[in-house]
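# A look at the structure
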Amino acid sequence: MSVHSEPRAVASAQAISAKIIISGGFGVGKTTFVGAISEIEPLTTEAAMTSVSEGVDDTSGLESKTTTTVAFDFGRITLDESLVLYLFGTPGQERFAFLWDDLIEGAIGAVVLVDTRRIEQCYASLDFFEEAQIPFVIGVNHFAGSERFEPEEVRDALGVPDRIPMVNCDARDRESVKQVVIALLDTVIVAVG
Amino acid sequence: MTEWGPRLPDPRMIAGQAPQIRRTVAAPPTPTTVPIPRDTGDEPERDSIVRPFIVTGGRTGPIDDRLRVETLVAAAPAALSAPLNFERSRIVRICQRPASVAEVAAYLGVPIGVAKVLIADLEIEQLVTIHDHAEPHSFLTRSVLERIRDGVRAL
């Protein structure tokens, strides 16, 4: 049974859309985060990445392809009748996310979720967004039973500069998730000037 | 070989890694043997990857590069009465309210690339409209960003 209610507003024929990316290591809570704020149950879609085998005898006219499909989850928030915000989670296998620039292209920015029990799993995301100069914030997702760290301790451990917001986050809690998204938007608004 | 061309194998009989038959037609063909639709309403499907390539005639990239995963697509009510094959009529139904490329792909159970090809074709035929966004970042003005932030605050 879905706990998601009907959208408050329905996007009109002139609506535009925007997206933010929810990233982080496997099992860190990306889909939970998306689901906490999405007006629909998170959907799953996939991207096919195809590589053509070399050295294949193609006298028959057939091509042999190896197709890897990478799945990712996403959610939607209809903010008003002319504006829809999507949240796209990066694929579970983190290494595939960065082969697929289509997902990231044109995003407002990203949230990188960190699990303090497996802190190194977010490094790939941090490196990617810093390299690509995509605005991001870090959400420190607390799992029950894990030691609670101050954001500054996590900042030191990750070696993240002060200009990148780091906020505590409970990916299951709608209000907490909202605050993380707002922190990202504030960051981008300040940068736009 | 049938009188209409090569007989397409029933996708249910194909193991996932069968070689794809590549076609060179520009327009989307109407499949002569239509894969039996496993239509369970609008739930996402978990079909084999083979079927979508039959649907798009082997094409994996759209003609239209305005389509991002979040790009909204809308179909006119009039499009509901156009004679369309299974996947295309589903897209037209899904897009009676603006829906993103990603949502179309999820509801059809096809990869993003396939959804983009189908949507681009439908737009050429004027059955759907693609909601343009401006150059990559120029539409993300301060005022749009503030609208988004205020909208999220109000949730």
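Right, let's walk through the structure included here. Source: prediction; values computed, not measured.

Reading the values: the criteria
Residues numbered from 1 in each chain as written. Chains lettered and ligands numbered in written order. Predicted model: local features only at pLDDT ≥ 70, side-chain atom pairs only at ≥ 80, totals over all residues. Heavy atoms only, no water. Helix = DSSP H or I, 4+ residues; strand = E, 2+ residues; numbered from the N terminus. Buried < 20%, exposed > 50% of the residue type's maximum accessible area, 1.4 Å probe, protein only. Contact = heavy atoms within 4.5 Å. Areas by Shrake-Rupley, 256 points an atom, 1.4 Å probe, with all protein chains shown as cover. Pairing = 2+ DSSP bridges. Buried area = accessible area lost by both parts, 1.4 Å probe. Salt bridge = Lys/Arg side-chain N within 4 Å of Asp/Glu carboxyl O. Nonpolar A, V, L, I, M, F, W, Y, C, P; charged D, E, K, R; others polar. Axes fitted to C-alpha atoms, helices over the stretch in contact; angles between N-to-C directions. Parallel < 35°, antiparallel > 145°, perpendicular 65-115°, else oblique. Left-handed = near helix turned anticlockwise from the far one by under 90°. Right-handed = clockwise from strand over helix to strand, strands pointing away.

## Observations regarding the overall build of chain B
For chain B, the helix and strand inventory stands at five helices and three strands. Going from N to C terminus, chain B has its helices and strands arranged as α-β-α-β-α-α-β-α. Among the 155 residues that make up chain B, the fraction classed as buried is 51%. Contacts spanning at least 24 positions in sequence make up 71% of the contacts within chain B whose residues lie at least 6 apart. Working note: accessible area of chain B is about 7700 Å², and carbon and sulfur atoms make up 56% of it.

## Topic: the pairing of strand E1 (residues 72–75) of chain B
Residues and elements named next belong to chain B. Burial along E1 is two-sided: Leu72 and Ala74 and Val73 and Ala75, pointing in opposite directions, are all buried. Where E1 and strand E2 (residues 99–100) come together, two bridges link them in antiparallel fashion. Residue valine 73 lies in a different strand from E2, and its bridge partner there is alanine 99. Looking at chain direction, E1 and strand E3 (residues 128–130) are connected through three bridges and run antiparallel. Bridge assignment links valine 73 to a residue of E3, and that residue is isoleucine 130.

## Side note on the sheet that holds E3(B)
Strand order across the open sheet formed by three strands is E2-E1-E3 (chain B), with antiparallel pairing between neighbours. Lying at the two open borders of the sheet, with one neighbouring strand each, are E2 and E3 of chain B.

## A short note on the interface of chain A and chain B
Between chain A and chain B, the contact holds 55 residues from the first and 44 residues from the second. Around 4400 Å² of area is buried between chain A and chain B when both sides are counted, 63% of it from carbon and sulfur atoms. The interface formed by chain A and chain B contains five salt bridges. Put simply, A:Glu105 and B:Arg68 hold a salt bridge, and the shortest N to O gap is 3.8 Å. At the level of secondary structure, the elements contributing two or more residues to the side of chain A that touches chain B comprise strand E1 (16–24), strand E2 (43–52), strand E3 (65–80), strand E4 (83–89), helix H3 (101–104) and helix H6 (174–192) of chain A. Along the lines of polarity and charge, the residues of the side of chain A that touches chain B split into 31 nonpolar, 12 polar and 12 charged.

## Concerning the packing of H6(A) against helix H5 (residues 142–153) of chain B
Contact geometry for H6(A) and H5(B): axes closest at 10 Å, N-to-C directions at 165°. Considering their axes alone, H6(A) and H5(B) lie roughly antiparallel with respect to each other. Judged by the sense of rotation from one axis to the other, the crossing of H6(A) with H5(B) is left-handed. Between H6(A), through A:Lys178, A:Val181, A:Ile182, A:Leu185, A:Asp186, A:Val188, A:Ile189 and A:Val192, and H5(B), the contact on the second element is made entirely by B:Arg142, B:Leu145, B:Glu146, B:Ile148, B:Arg149, B:Val152 and B:Arg153. Broken down by class, the residue content of the contact of H6(A) with H5(B) amounts to nine nonpolar, no polar and six charged.

## A short note on the pairing of strand E6 (residues 136–141) of chain A
Residues and elements named next belong to chain A. Counted residue by residue, E6 has six buried out of six residues, so it is predominantly covered. Going residue by residue along E6, you find Phe136, Ile138 and Val140 tucked away on one face and Val137, Gly139 and Asn141 tucked away on the opposite face as well. Taken together, strand E5 (residues 109–115), helix H4 (residues 123–132) and E6 constitute a β-α-β crossover, and its handedness is right-handed. Between E6 and its parallel partner strand E7 (residues 166–169), the chain crosses via helix H5 (residues 151–158), and the hand of that crossover is right-handed.

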